[in-house]
Amino acid sequence: MDEAAGFVSANWRAEVAHTTLDEWWEPVRYQHRIAEVDVPVLHVSGWYDDEQIGTPANYAAMVAAGRSGQQLLMGAWGHAVNTTRKLGEVDFGPDALIDLDARVLAFLDEHVRGIAPDEPPAPVRIFVMNAGPQATGEWRDEQSWPPADASPTVLHLSSAGRANSRFGDGRLLSGPVTVEQPPDEWTHDPDRPVPFVTEESSNQIGGPDDYLGIESRGDVLVYTSEPLTEPLEVIGPVTVIAHVATDVADTDITAKLIDLHPGNFAQRLCDGMVRLRYREGFDRARTVTPGEVYEVEIALWDTCIRLPAGHRLRLEIASSAFPKFDVNLGTGGPLGTETEGVIATNRVWHTPERPSRLILGGRSDY
């Protein structure tokens, strides 16, 4: 890639060569040592910021370590925090923007100058996005992240084996699957990856973009709930537990949470992926045995939204999201240098013994 761009980047080549969390990464890692930090911190990010996952994780880790003076502030923002109330087609309303300078100055007054505020702020202040017609959200004060009273909503994947595309039979059920169901199968062609909607910038996380068109592809599994009969708040981490198999030496399992509006606007909320060779962590690559079923946990990061009645929840499962994630070539070969791929046939199970499911909000260790 660097030579194709007309130069050679030694640093980039070194990063690509170290594909596990070996000692080379140690000088630039910090989260496993975050308890050593003992200063007050104002943690600021947005639900569509590419720093989003680290910010609440850092806050929670420092609170757990007993570090005082921690505050978390999360808005309906992209990486340029507090600069716009609108991302893509979604306008989050006039309250989405705040006097951030005043918040920072009050924090510094308290912890640098020793001036106690007249009314101490809550340690956590979050913007609850609203998916209604006006999309006007509200700020909410909490004592912890995730909020202590946020209980998870669990939805189970179900189909008759034909969940391919939004025209298939994939469903999200409120209760566990109680009968045997055939797995859903899809093909991953590394020369034809599933697109990820994003502008050409370093901000590769994406926004509240419309995925309806991409959901017409047969290599995207789509599971949709019934319309909500009452409002539902999804606040906190989003996780998918999937029972999957592949017929090649390695593959990716991607997952995306969608808010399906009554008008068929398929708004992306959050997403994530697992590369099967790293299904148990990045300390080393594990062998992927073709045909063996693995239970994997896919972290879709966090979200904070109130869904009104009439909306549906939707989950996409695929094996690529390009260019957000590099395309898995399926060979199990060296990342960053191999160029030829193979076509993978992948499956996901949803049975009483293998309950693939979507976990919305609640505590992070659910």
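As the structure is a prediction and not an experimental result, all values here were calculated from the model.

Q: Summarise the overall build of the protein; cite the residues concerned and give the values.
A: When its secondary structure is counted, the protein shows three helices and 17 strands. Over its C-alpha atoms the protein spans a radius of gyration of 21 Å, differing by no more than 12% from the 21 Å that the globule rule assigns to 366 residues. Overall, the protein is about 65 × 55 × 40 Å in size when its C-alpha atoms are taken along their principal axes. Evaluated residue by residue, the protein yields a buried proportion of 47% over its 366 residues. Here the contacts in the protein between residues at least 6 apart in sequence split such that 74% fall between residues at least 24 apart. Counting only carbon and sulfur atoms, one obtains 50% of the accessible surface of the protein, whose full area is about 17,600 Å². Positive and negative charge centroids in the protein, built from 30 and 56 side chains respectively, lie 3 Å apart.

Q: Before we move on, can you summarise the side chain of T55 with the specific residues and values?
A: Secondary-structure assignment places T55 in helix 2 (residues 54-64). Take T55: its relative accessible area is 9%, and that puts it in the buried class. Within the local environment of T55, its side chain forms a polar contact with the backbone oxygen of E51, the two atoms lying 3.1 Å apart. When sequence neighbours within four positions are dropped, the list of residues in contact with T55 reads H43, V44, S45, L72 and M74.

Q: Requested: an account of the environment of A285, with residues and values cited.
A: Within the fold, A285 resides in the loop between strand 13 (266-275) and strand 14 (294-307). For A285 and T20, which are 265 residues apart along the polypeptide, the C-alpha to C-alpha distance reads 7.1 Å. Aside from chain neighbours lying at most four places away, what touches A285 is T20, R277 and Y278.

Q: Please provide a residue-by-residue account of the packing of aromatic side chains, values included.
A: On inspection of all chains with the given rule, the structure shows six aromatic pairs. An angle of 55° between the planes, with centres 5.9 Å apart, marks the rings of W77 and W139 as tilted. Placement of the pair is W77 in the loop between strand 2 (70-75) and strand 3 (86-87) and W139 in strand 6 (residues 138-142), with a sequence separation of 62 residues. Overall, the relative accessible area of 16% leaves W139 in the buried class. Relative to W139, the ring of F127 lies with its centre 5.2 Å away and its plane at 70°, an arrangement referred to as edge-to-face. Residue F127 is located in strand 5 (residues 124-130), and its partner W139 is located in strand 6; the two are separated by 12 residues in the primary sequence.

Q: For the side chain of D302, give the residues involved together with the corresponding values.
A: One can find D302 in strand 14. Of the side chains with opposite charge, R268 comes closest to the buried, unpaired D302, at an N-O distance of 11 Å. Within polar-contact distance, the side chain of D302 engages the side chain of W145 at 3.2 Å. When near neighbours in sequence (up to four residues on either side) are disregarded, D302 contacts W47, Q52, I53, P56, W145, G236, P237 and C270.

Q: Let's hear about helix 3 (residues 100-111): which residues, and what values?
A: With 12 residues, helix 3 extends 17 Å between its outermost C-alpha atoms, agreeing within 8% with the 16 Å of an ideal straight helix rising 1.5 Å per residue. Along helix 3, the residues that are buried comprise L100, R103 and F107. Projection of helix 3 onto a plane perpendicular to its axis shows the buried side chains occupying an angular sector of 65°, all on one side. Exposed positions of helix 3 whose direction lies more than 90 degrees from the buried face are D101 and L105. Residues of helix 3 that are buried sit in contact with strand 1 (41-46), strand 2 and strand 5.

Q: Hey, could you go over the nonpolar core for me, with residue numbers and the actual values?
A: Across soluble globular proteins, you tend to see nonpolar side chains buried next to one another. Of all hydrophobic cores here, the largest spans 58 residues; its most connected members are W47, F92, V240, L257, I317 and L358. With 13 residues, the next largest nonpolar core counts Y211, I214, I258 and A266 among its residues.

The rules behind these values
Residues numbered from 1 in each chain as written. Predicted model: local features only at pLDDT ≥ 70, side-chain atom pairs only at ≥ 80, totals over all residues. Heavy atoms only, no water. Helix = DSSP H or I, 4+ residues; strand = E, 2+ residues; numbered from the N terminus. Rg over C-alpha atoms; globule rule 2.2 N^0.38 Å. Buried < 20%, exposed > 50% of the residue type's maximum accessible area, 1.4 Å probe, protein only. Contact = heavy atoms within 4.5 Å. Areas by Shrake-Rupley, 256 points an atom, 1.4 Å probe, with all protein chains shown as cover. Lys, Arg positive; Asp, Glu negative; His and termini not counted. Charge placed at Lys NZ, Arg CZ, Asp CG, Glu CD. Polar contact = N/O pair within 3.5 Å; in protein donor to acceptor, adjacent residues only side chain to side chain. Phe/Tyr/Trp six-rings, centres within 6.5 Å; stacked < 30°, edge-to-face > 60°. Salt bridge = Lys/Arg side-chain N within 4 Å of Asp/Glu carboxyl O. Expected span 1.5 Å × (residues − 1). Arc of directions from axis to C-beta. Core = buried A, V, L, I, M, F, W, Y, C linked by side-chain atoms within 4.5 Å.

Read these as geometric descriptors, not functional statements.
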